[in-house]
Structures are given as C-alpha cells and as structure tokens.
Amino acid sequence: MKHIIVGTAGHIDHGKTALVKALTGMDADRLKEEKQRGITIDIGFAFLKVGHDIELGIIDVPGHEKFVKNMLAGVGGIDVAILVIAADEGIMPQTEEHLAICDLLQIQQGLVAVTKIDLVDEEWLDMVLEDIRGGLKGTFLQDAPIVPVSSKTGAGVDQLLHELETLAVQVQERSSEGLFRLPIDRVFTIKGFGTVVTGTLISGAVQTEDAVEILPEHIKTRVRNVQVHDHPVETAYAGQRTALNLHGLEKREIGRGMVLSVPDVLTPTFMLDAYFTLTPKAPKSLKHRQRIRFHHGTSEILARVMLFDREELQPGESTYIQIRLESPLVAMARDRFIIRSYSPIMTIGGGEILHIHPKKHKRSAGVPERLHTLKHGTVEEIVNFYVQDARLQPISPKMIAGMIALHEQEVARSLRDLLRQGTVIQTPVQGIAVVHTMHVQQLKTELLEVLTEFHRQFPLKAGMVKEELRKKLPQDLSSPLFQQILDDLVTNGRIAVEQKLVRISDHQIHLTPAQEEARQQLERLYLSTGFQPPNASDALKHTGLSEKESQEILRVLVDEARLVRLEGDLYYHQEVIQEITAKIVAYLKQHQEMTIGHVKDLFQISRKYSVPILSYLDAEGVTIRKGDVRILRAPEST
C-alpha cells in the first residue's frame, strides 16, 4: 500500500472541513469548541483509500489567521496540498498566506478545490475561476487542476477524487529506509492504555516494542502499541498518520513540537545555518539580528536571524543565514522551515536547513561560499564538508546521518570513497570514524613547530614530556588521535619517542666543555657517595655553574638515566640503585619479608634514605607493602 499525506489549505470558512467530510465521510473537527464555533481551531485528521493500493491520510488545518501556527504544525509533513477557495469569496488573505507557506515548504503536488459552487451562478463562477488562475501564477499550483465542488450537493466531488488519485500516483512515496522521525502534533491519554502521541511519520518506520527517544527532552521509552488510521498495526511507515502508545509516560511530560526518533542519534541544537527566501510580498526588509518566529515541523521557536553579507534582506531576495534559537530545536539538514515576523505576526519567508550544529560565524562574505556546498554539493562533497567542519573530532557515518537526512549506509559509502582518495584518515576507534587529512597535516606541522621551539629554549633537555606536548596542541585533540599522529611521525622518521619524552629525531644534547665537566663531576659525586647521596641542592653548589645551568645538567643526567630521582631532592646513581635493588631482592628471597629497620641495617643508612628506597621499589613493582613489611611482588620474575 502506498501512503500519501494530503493537507488542506485556505481561508477561514471556505469549507475545508466540509470538503474533507464530503471526500471521506469523516468529521475532522474533534474539539467541542470547534463544533460550537463552526471553525477549525486545531489540526484534524481523516483518511481515504483511492484506487487499489493508495491510502491517503488527510490533514485538515485551520484557516483563521489566529491559528496559522496550528496550520503550520500540520502542513509540514504533507505530500499533496488541496487549496480550498470558496466560490462566493474567491482568493482571500489567508488563501495567499497558506499558498505562500506551501510554496516555501516546496510541496510539489497539489490542486485547487473551488467550494460552495451551489451559492453562486455560472457567470460568477467563471469569473472567480479566471481570477484564481491569475492568482496562482508563479506558484507551484499555476498549472494544477482546478475543480469546482459543492460539499452540500456532492457536485464535483467524484472529479476531485479522480484528480487526487492521479496526483497520488505521481507522488514519490517517502522512504521508510531512513531515520525514524515523528514530529508530535497531539498528545492525549486513553484509559487503560496510557499516553498516546500522534503525528505524521516523515521518514523511516516504527513498530511495536521499538526503543524511542523523545527530543529535545531526551526521554527514552518504548512503543507499546502502534495505530495507523485508527487501526492497530505492527509497523507504521513514512507517509502515514501514526498514533503511538508509549510505555510509562505521563501526558504532562510531552507536548506538541517535540520529536520521536531513534535513541542517541539526533542532537538538539540552538543554532543552525540555512538558505532563506524573503517573500516578494513581505511588508518590509529583514534586518540583521531581527527577532522572528521560527516554524519547523510541529514546533514554533523564537529566534534571531544573522545575515552574513548585508545589513538587510529585501523582499524577494534569498541568502544564506544563521538562525540563533531561544529554545532547543530537533531537526536535520535538508528540512524545510517557515519564518513569521515577531510582530505583527505574519508569514514572511522560509527556506532549507543546511547545518544543524554550526559554529558561530563571523560576518563575512566568505561564509555563503562554504554553505553553498551544503545546498548544491554532491553527497560526497557534503560528507567531506562535515568531516572538515568537525576539525580534530573523529566523526562517524552515524553522527553525520544524525545531522542530515541521508541514510547511514549512504554516508558510509562516501566516507570509504574519501578514505581511498586519502582525503580523510581513519582514527583508532571502533568502526569507521575519520578526521580530515588537511587538519591532520596542519596538526603535524604544529606539533613539529612546538618541539622545535622547545629544543631551542631548552637545548639541554632530551625531549618534551608527552602530556606537556599534548597540552600545547588544540584542546579538541583526543588522546587516541594524538597517539596515532605521534606513531605516524615516528614511522616517518620525523620524531623519536623514548618513554615519556618526545623529541625531533635528529635532536642531540650538546654540552659546552664547562657543562660536560660539571656533568662528570656530578656523576662521580653520586657514585662515590653510594647509599647516602647528598641532597641535589648541595651537590649542585660544587659545579661552578649558575643555579639554572646546574639544574639543567642534573636533568641531563636524569634524562640519560644516569641518575634516578626517588623523591623531592633525593637522587641516586643508576648503578647504586641497581645494587640496592639486588641486595633487597636477595634478602627477601632468603627472609620473605623486610621492614624499614632491616633496610637501615642492611645499608647502614638512616630512615631519610630507607623509606624513599622502599617506596621507589614499591612503585617499580619489585616489592609490595603489607602493613609494616615488604614482600617480593613477583619473586619468580625478579
């Protein structure tokens, strides 16, 4: 069965609800107030089967200017529009606004139903039809069928059904392969079942017991039951009016404007880039930073418009803009939107979302050129844009598919093509996650520059501590990617990594004769003093160098692993510490355990030395402390 959503549009009291009833036999007005006042206040629904394999879900929207926001909540997901114009009044203000909204949403198919023909004579009807055809010029309905009907007598209804079926055959059905998205337009409670939400399923499919997420509130739940056109089904597909009974939720937790989708894919945003057209009939220009009402799906959000390359946008002009929202929005690139002025409230334009998580752009003529790729580029060019825009944050097909209305598999194919071309680089995470080659090359250059400058400032240091180096690089650089870049540079012979130190591969320490003499002097001193070395501050006083220069010589000995720092100002010569370790291991193999007192007696040293020695051996994995004694951690491997 092919599923198509049909929506009515038109001025108040032009007979939209009566026409839906004439077509389907169903009264789309569901509210008591609507019955009493005789006007549609909120969106209503009906359904109809045409032909053998086409089912139409019909959305009846309010025509009163006060309820246009309700109209917008219903019209966003329609495939075919029926513009309803009463024969006794012709085109009216809301007729024009509704037509403009359908045009801005780029609804591709539609027809015109001229209602109430039983109230006018033939001559008047001919005049109205001619006027309507003229009013439709330049719109998506300029060549559409115009069908005179009377919901009261039934005249023309069969012809209207025939035209609807013809259009429905031509409409391309929405894909059920994509990401499940259901903008919520109604929430209610059924006794014995609980909370139910309804909406037009704009993409993907949903079935009983599916896990779902309500956004932007990030409420996770499961689907208890699925209904389509008042009938229980196992699965609802894109293009169907759908009701979902949800597990364990209160009605007060959910509202119109929220979106149901697959968990952990869509991320709400407070900012988006878009392509926007100000309608030719807009009463005035749109100014930079102007406050507006942003309509998308079933949501209405206050926002401000940022113009990149001008101070004002004139009626009839189009441009790239950034919209900064006052409340979170759940959307995807390629979605359509409508903008209404803040006050007085009227529709002034609409367009296409291009990027749902952009950065704040500086006002520049260069920004539109970048956004042009998102509007007109190929799938591969768009995917490449998102990878490049993510900078050093690895991005996966799932993440990109959560921003733009593309299937995850289609994104993955493009990423694999970009990998083969060398445009992107795969990162060391599970699955396909990439960064742009351009950013990696820039980072490698920056890393080498940081190391070169470090060697210039500290020529006597063997290298830069790895974590210190990472902190000098961009904050969004992850540890796995940092390590991957280090490995690449080592493989290419650009750098060397020795334990925790990183250096340019050809960097060597060059000591002056005086510095070399001081180095040897210090080493002899620490060798000769054996188990009771001096504090470093005392030892350095005998080098004949300045305090800073002698400290650098001490670091050279540590970097060369000739000296080992135990704690604070206490250093041992490497050969001495090896002798100490061997004796302690031998003692423990014979006696099984050792105290601080045993160490003091064994080496004839004070607690000042024995405590740091045992702490050092604990840290090195030679011994393990148990209460006041030490034992060998792994005697068989020592």
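Residues numbered from 1 in each chain as written. Predicted model: local features only at pLDDT ≥ 70, side-chain atom pairs only at ≥ 80, totals over all residues. Heavy atoms only, no water.

A. Layout of the packing of helix 18 (residues 596-603) against helix 19 (residues 607-619). Following both chains from N to C, one finds helix 18 and helix 19 inclined at 115°, their axes separated by 9 Å at the closest point. The interaxial crossing formed by helix 18 with helix 19 has right-handed handedness. Between helix 18, through Ile596, Val599 and Lys600, and helix 19, the contact on the second element is made entirely by Arg607, Ser610, Val611 and Leu614. Taken together, the residues of the contact of helix 18 with helix 19 break down into 4 nonpolar, 1 polar and 2 charged. (Axes fitted to C-alpha atoms, helices over the stretch in contact; angles between N-to-C directions. Helix = DSSP H or I, 4+ residues; strand = E, 2+ residues; numbered from the N terminus. Left-handed = near helix turned anticlockwise from the far one by under 90°. Contact = heavy atoms within 4.5 Å. Nonpolar A, V, L, I, M, F, W, Y, C, P; charged D, E, K, R; others polar.)

B. Expanded view of the pattern of salt bridges. Inspection of the entire model under this criterion finds 28 salt bridges. The partner of Arg241 in a salt bridge is Asp185, with the nearest N and O atoms 2.7 Å apart. With Arg241 in strand 15 (residues 241-246) and Asp185 in the loop between strand 7 (181-183) and strand 8 (186-190), this residue pair connects regions lying 56 residues apart in the sequence. Each member of the pair Arg241 and Asp185 is classed as buried. Between Arg222 and Glu209 there is a salt bridge, and its shortest N-O distance comes to 2.0 Å. In this pair, Arg222 is assigned in strand 12 (residues 219-228) and Glu209 in the loop between strand 10 (205-207) and strand 11 (211-215), connecting sequence segments 13 residues apart. The exposure class assigned to Arg222 is partly exposed, which follows from its relative accessible area of 36%. (Salt bridge = Lys/Arg side-chain N within 4 Å of Asp/Glu carboxyl O. Buried < 20%, exposed > 50% of the residue type's maximum accessible area, 1.4 Å probe, protein only.)

C. The arrangement of the packing of helix 1 (residues 16-24) against helix 6 (residues 157-170) in detail. Where helix 1 contacts helix 6, the axes come no closer than 10 Å and their chain directions differ by 85°. Looking at the two axes, helix 1 sits roughly perpendicular to helix 6. Note on element contacts: helix 6 touches helix 1 through Val157, Leu160, Leu161 and Leu164, opposite Leu19, Ala22 and Leu23. (Parallel < 35°, antiparallel > 145°, perpendicular 65-115°, else oblique.)

D. Expanded view of the sheet that holds strand 24 (residues 347-355). The 6 strands are arranged 17-22-20-19-23-24 in a closed barrel whose pairing can be described as antiparallel. Going across the sheet, the axis of each strand differs from the next one's by a mean of 45°, ignoring polarity. In terms of strand pairing, strand 20 (residues 299-307) meets strand 22 (residues 318-329) through 5 bridges, oriented antiparallel. Across the sheet, the residue bridging to Ala303 is Leu325, located in strand 22. (Pairing = 2+ DSSP bridges.)

E. Region of the structure containing the nonpolar core. Ranked by size, the top nonpolar core spans 46 residues in total, and within it Phe294, Ile323, Ile339 and Tyr386 carry the most contacts. Every residue in contact with Ile323, bar those within four places of it in the chain, is listed here: Phe270, Met271, Leu272, Ala274, Phe294, Ala303, Arg304, Phe337 and Ile339. Core analysis: the second largest hydrophobic core is formed by 28 residues, Ile59, Ile78, Leu104 and Ile117 among them. (Core = buried A, V, L, I, M, F, W, Y, C linked by side-chain atoms within 4.5 Å.)

F. Examining the sheet that holds strand 29 (residues 501-504) more closely. The 3 strands are arranged 27-29-28 in an open sheet whose pairing can be described as antiparallel. If you trace the sheet from one side to the other, it starts and ends with strand 27 (464-465) and strand 28 (495-498), each paired once. Examined bridge by bridge, strand 27 and strand 29 share 2 bridges and lie antiparallel to one another. Its bridge partner being in strand 29, Val465 is matched across the sheet by Leu501.

G. Summary view of the packing of aromatic side chains. In this structure the tally under the stated criterion is 6 aromatic pairs. Here the aromatic rings of Tyr275 and Tyr320 are separated by 4.9 Å at their centres, their planes lie at 65°, and the arrangement is edge-to-face. Separated by 45 residues along the polypeptide, Tyr275 in strand 17 (residues 269-278) and Tyr320 in strand 22 bring together distant segments of the chain. Among the residues examined, Tyr320 registers a relative accessible area of 8% and is labelled buried. Both rings, one in Phe531 and one in Phe603, keep their centres 4.9 Å apart while their planes meet at 65°; by these two values the pair is edge-to-face. With Phe531 in the loop between helix 14 (513-528) and helix 15 (536-540) and Phe603 in helix 18, this pair connects stretches of sequence that are 72 residues apart. The exposure class of Phe603 is buried, given its relative accessible area of 4%. Through pairs of rings, three or more aromatic residues link up here, namely Phe276, Phe294 and Phe337. The ring centre of Phe458 lies 4.4 Å from the NZ or CZ of Lys461, which sits over that ring. (Phe/Tyr/Trp six-rings, centres within 6.5 Å; stacked < 30°, edge-to-face > 60°. Lys NZ or Arg CZ within 6 Å of the ring centre and 35° of its normal.)

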